[in-house]
Amino acid sequence: MDNPQIARIFEEIADILEIKGENPFRVRSYRNAALVVQGFAVSLKSIVEGGEEELEKIPGIGTSIREKVVEILATGKCKFHDGLLKELPPGLLELLRISGVGPKKVALLYDKVGIKSVDELEKAAQAHKLCGLPGMGEKSEQKILKAVQEAKRVSGRFGLSTVRTVAEDYKSHIKKLKGVIDVEPSGSLRRWKESIGDLDILVTCKKGVPVMDHFVSYPEVSEVVAKGDTKSTVILTNGLQVDLRVLDKKSFGSALQYFTGSKAHNIAVRDRAKRMGLKISEYGVFREKTGKWMAGRTEQDVYGAVGLEWVPPELRENRGEIEAAEASKLPGLIELKHIKGDLHVHTKESDGANTLEEMAEAAMAMGYEYIAVTEHSKGLAIARGLEEKRLLKHIETIDRFNERLKKKGVKFRVLKGTEVDIRSDGTLDYKSSLLERLDCVVGAVHSGFDMPGKDMTRRILKAISTAKLHILAHPTGRLIGTREPYAVDMEKVINAAKKYGVFLELNAYPERLDLNDIHCKLAKDTGVLVAISTDAHNTLHLKNIVYGVHTARRGWLGKKDVLNAGGLKEVLKLLKKG
Ligand code: DGT
Ligand code: CA
Ligand code: CA
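Basis of the calculations
- Residues numbered from 1 in each chain as written.
- Chains lettered and ligands numbered in written order.
- Predicted model: local features only at pLDDT ≥ 70, side-chain atom pairs only at ≥ 80, totals over all residues.
- Heavy atoms only, no water.
- Donors = N, O, S within 2.8 Å, 3.2 Å for Na, K, Ca; no water.
- Buried < 20%, exposed > 50% of the residue type's maximum accessible area, 1.4 Å probe, protein only.
- Helix = DSSP H or I, 4+ residues; strand = E, 2+ residues; numbered from the N terminus.
- Arc of directions from axis to C-beta.
- Pairing = 2+ DSSP bridges.
- Axes fitted to C-alpha atoms, helices over the stretch in contact; angles between N-to-C directions.
- Tetrahedral: all angles 85-135°; square planar, octahedral: opposite > 155°, others 65-115°.
- Domains from an automatic or database assignment.
- Contact = heavy atoms within 4.5 Å.
- Buried area = accessible area lost by both parts, 1.4 Å probe.
- Salt bridge = Lys/Arg side-chain N within 4 Å of Asp/Glu carboxyl O.
- Near = heavy atom within 4 Å.
- Polar contact = N/O pair within 3.5 Å; in protein donor to acceptor, adjacent residues only side chain to side chain.
- Areas by Shrake-Rupley, 256 points an atom, 1.4 Å probe, with all protein chains shown as cover.
- 1 Å grid on protein atoms, 1.4 Å probe; cavity = no way out; pocket = protein on both sides within 12 Å on 5 of 7 lines; lining within 4 Å.
- Sits in = over half its atoms within 2 Å of the grid points.
- Nonpolar A, V, L, I, M, F, W, Y, C, P; charged D, E, K, R; others polar.
- Points joined across faces, edges and corners; volume = space filled by probe spheres on them.
- Expected span 1.5 Å × (residues − 1).

**Concerning the coordination of the calcium ion (ligand 3)**
For the calcium ion (ligand 3), the protein coordination sphere consists of D198 (OD), D198 (OD), D200 (OD) and D243 (OD), at 2.2 to 2.8 Å. The motif formed by the donor residues of the calcium ion (ligand 3), counted along the single chain, is D-x1-D-x42-D. The calcium ion (ligand 2) is placed at 3.9 Å from the calcium ion (ligand 3), the two being bridged by D198. Look at D198 and you get partly exposed, because its relative accessible area is 23%.

Here is the structure:
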C-alpha cells in the first residue's frame, strides 16, 4: 500500500460518513488525514518499518488514524472502512466522481430518487427526474449530464504525484537487479504532465540478465498483461498500467526520445526528418535512401541529427518548441534551485498543522530566504479564518519572531500575509487599511464555484481592481480529475493583473497545478510574473514546490518570469504597493 492508496481509504471514510450525515468534525478529521498522507513525501510503509511510534511525529495524524494506518499496512485493509462500505450500495461512491456532486447530493439523490450509480444518474437526468429535487432545476440536470460525460472521458488517468511516487519505487526495484544499467521513466511522466495515463519505463542491461522476470516480481503487480523479451506490461494493485521496454545501448537515446513523446511533438520531429531525407524511429536516426544509422545513443545526438537543439521534455508538446530549437531560441527554464521562498503558507493559526516556528525552520532547511504566512480570512470559518483582532495579534507574533531571528543573525524573514477571501461580489474579506499593513496579500475564491463565467470574471476583476491584492491564488479553482476550473475568462484576468500590478499564483499542490501550463505561458507573454507557491498546510507540503516548478517549465517560464525566484530584497521591492 502506498501513500495515495492509504489517503484514498481515509477520503472514502470521510465521504461515507458525510453521506450518512455524521458529525462534520469527524468527517473533517478523516479528510485532513487523507490530505496529510497524500502530501507526505516519504512512504508511510518505510516510516512504520522504523517503529510505529514514528507515525506520532507526523502532524495531523491522531491516535485513531495512526492505528488505522498500522492496520492498513499490516493487513492491506481497514475493518472500519470495510464495514462502512457494506452499509452502502456498491456504485454509490462512484457518483462522487461527477463534478458538482458531493456527499450531500449523493445522499439526496439516493434518498429521494433511489439513484445508486453513475448510469442511473445519467438516465434520471435524461428523463428529467431530478428537476423537482430541492435546489435543482433543468439547468442542473444539463450540468450533471455534461459532468457525467466529462467524468467518463478522464476516468482512468492518474495524478502526477501518485505516478511519480510509484515510478521512484519501481525504479529502485528494477535497479536492485545486478546487470541493469539505465532505468528511465519516459512518457507523460517525464514531461511532467498534470495527469498520467500509464507509466512507460525504459531499461538497458547486460546480456542475459533476467530483467523481465524481475520486472513482473514487483510486489505491487496485480496482473501481468504481457511478458516478452523486449516489452512487458503489468497492472498494479492501484490500477495503473506500467510498460517496460528493454533496449540496446545504441538506441537508448532514440527510444527515450520516442517514448517521451508527446505524440504531437514526435510527429512534427519525424516530418522534419523526412524533409531532410532522414528517417527517425525508436531505434535511431537513419538515412532514408541507404538505411545508414546516423544517431541514437543520446537524445542530444538524435535532435542534433535533425538540426535541433536538445528540447527539455516539459516543452515537447508541439507548441512552438521545434521552431525555437531550430533557431536556438529555446527559453532558459526555471529550476528548483532558483526558488528563494514560498509566498503562500498556512500555520496552526488557521487550518495548518504546524506552528510558525516549524514552518519557518522547514523553509530554512530548504535554503529559502523567506516565506509569507497567509492565513485564511474571517469569512472562511470552516478553515478557522482570522477575525481582524486575531490577525493583528498574529502580525505582532510574526514581528517578534522576525526580531528574534535578526538578533540571532539568521538571514530569513517571515512576511506578514493573508489569504483573503474574495467574496461573491468581488469585495475582499478585510478592509483596505488592514490589508495595507501586510507584506503579502494573497486573494482567493473559495465559494460559488459554479457561478456563470461572466459573473465569475466580473468578481475576480473587481477584486484585482481594488489594487490591494499582491497575488491571485489558484486562479481557476480546479482540482484535477474532480473539480472543473470555474468558468472564468483567464485572458481578461491576466490582462487585468498586468494593469493593476497583480501577480498570478501557480499553486504547486499536485491536485491543483493552477495556473496550468498554458495560462503560465499566457502570463509570461503578457508580462505578468508568476508566484510558484505550495499553499502548504504542513511542513511536508513545502516539498510540493517541485510540481509547481515543472508545471512552470511546461509553461515556458524562466527565472525572470517567476516572482519567488527573486531574493528577499527583490521580492519586497516587487510587493511594495505605490
Ligand atoms: P499518457 O500515458 O496518456 O499520459 O501519455 P504518454 O505521452 O505517456 O503516451 P503513451 O503512453 O501512449 O505513449 C508514450 C509515448 O510513445 C508517447 O508520448 C509518444 C510515443 N508514441 C506512442 N504512440 C505513438 C505514435 O503513434 N506515433 C509516435 N510518433 N509516437 C508515439
Ligand atoms: Ca504513458
Ligand atoms: Ca504506454
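**Some thoughts on helix 7 (residues 118–126)**
For the α-helix, the turn length of 3.6 residues means that residues three or four positions removed from each other point alike. Residues V118, L121, E122, A124 and A125 constitute the buried set of helix 7. Viewed along the axis of helix 7, the buried residues span an arc of 165°, placing them on a single side of the element. Positive backbone phi, at 55°, marks H128, one or two positions downstream of helix 7.

**Quick word on the sheet that holds strand 8 (residues 278–281)**
Strand order in this open sheet of three strands is 8-9-10, and the pairing throughout is antiparallel. Only two strands of the sheet have a single neighbouring strand rather than two, namely strand 8 and strand 10 (293–295). Put simply, the sheet's adjacent strands are angled 35° from each other on average, direction ignored. In the sheet, strand 8 pairs with strand 9 (residues 284–287) via four bridges, with the strands oriented antiparallel. Note that in strand 9 the partner of K279 across the bridge is F286.

**Here's the deal with the coordination of the calcium ion (ligand 2)**
Around the calcium ion (ligand 2), the donor atoms from the protein are D198 (O), D198 (OD) and D200 (OD), and they sit 2.2 to 2.5 Å away. Considering all six donor atoms around the calcium ion (ligand 2), the spread of angles at the metal, 71 to 167°, places the coordination shape in the irregular class. Owing to a relative accessible area of 12%, D200 belongs among the buried residues under this scheme.

**Examining the domain arrangement of the chain**
When its domains are assigned, the chain resolves into domain 1 (3–153), domain 2 (158–246), domain 3 (251–326) and domain 4 (336–574). For domain 2 and domain 3, the distance between their C-alpha centres works out to 24 Å. In this complex, domain 2 contributes 11 residues to the contact, which on the side of domain 3 involves 13 residues. Note on domain 2 versus domain 3: buried area summed over both sides is about 1000 Å², and carbon and sulfur give 65% of it. If you look at where domain 2 meets domain 3, you find two salt bridges. A salt bridge links E317 to R191, with the nearest nitrogen and oxygen atoms 2.9 Å apart. Among the elements of the structure, strand 2 (180–185), helix 10 (187–190) and strand 4 (199–205) are those that each provide at least two residues to the side of domain 2 that touches domain 3. The element that contributes the greatest number of residues to the side of domain 2 that touches domain 3 is helix 10, accounting for three residues.

**Let's talk about the site of ligand 1**
The local shell around ligand 1 holds 16 residues, among which R157, S188, R191, G197 and D198 are the closest. A distance of 2.9 Å separates an oxygen atom of ligand 1 from a polar atom in the side chain of R191. Here an oxygen atom of ligand 1 and a side-chain polar atom of D198 are 2.9 Å apart. Protein chains bury 73% of the 590 Å² of accessible surface belonging to ligand 1 in isolation. With respect to the pocket detection grid, ligand 1 is positioned in the second largest pocket. Elements that contribute at least two residues to the shell around ligand 1 include exactly helix 10, helix 12 (252–260) and helix 13 (263–275). For the shell around ligand 1, the residue count by class is three nonpolar, seven polar and six charged. There are two domains that each give the shell around ligand 1 at least three residues, and those are domain 2 (158–246) and domain 3 (251–326).

**Quick notes on the layout of surface pockets**
Here the second largest pocket is characterised by a volume of approximately 530 Å³. Surrounding the second largest pocket, 23 residues form its lining, Y258, G261, S262, K263 and N266 being those nearest its centre. Counting residues per element, the ones that place at least two in the lining of the second largest pocket are helix 10, strand 7 (241–247), helix 12, helix 13 and strand 8. Considering every element that reaches the lining of the second largest pocket, the biggest residue donor is helix 13, with five residues. Broken down by class, the residue content of the lining of the second largest pocket amounts to five nonpolar, nine polar and nine charged. Structurally, the lining of the second largest pocket is a two-domain feature, drawing no fewer than three residues from each of domain 2 (158–246) and domain 3 (251–326).

**Side note on the sheet that holds strand 2**
Pairing is mixed across the open sheet formed by five strands, whose spatial order is 2-4-7-6-5. Taken across any chain shown, the strands that pair with only one partner, and hence form the sheet edges, are strand 2 and strand 5 (221–227). On average, adjacent strands in this sheet sit at an angle of 20° to one another, irrespective of strand direction. Bridge count for strand 6 (residues 231–236) against strand 7 is five bridges, and the pairing is antiparallel. Opposite T233, over in strand 7, you have D243 as the bridge partner. In this fold helix 9 (residues 160–175) packs onto strand 2, strand 4, strand 5, strand 6 and strand 7, with an angle of close to 170° to the strand it touches most, strand 2. Relative to the sheet, helix 12 contacts strand 2, strand 4 and strand 7, its axis offset from that of strand 4 by approximately 180°.

**Some details on the environment of I174**
Within the secondary structure, I174 sits in helix 9. The class of I174 is buried, set by a relative accessible area of 1%. It is 43 Å that separates the C-alpha atoms of I174 and S350, two residues lying 176 residues apart in sequence. Not counting residues within four places of it along the chain, the set of residues in contact with I174 comprises V180, V183, I201, V203, H214, F215 and L244.

**Side note on helix 19 (residues 453–465)**
For helix 19, spanning 13 residues, the distance from its first C-alpha to its last is 18 Å, which sits close to the expected 18 Å at 1.5 Å a residue. Inspection of helix 19 places M456, T457, R459, I460, A463 and I464 among the buried residues, and these make up the whole buried set. Buried residues of helix 19 fall within an arc of 160° about the axis and therefore sit on the same side. Across helix 19 from its buried face, at more than 90 degrees, point the exposed residues K454 and R458. Contacts from the buried residues of helix 19 go to strand 15 (471–472) and helix 20 (490–500). Remark: A467 follows helix 19 within two positions and exhibits a positive phi of approximately 60°.

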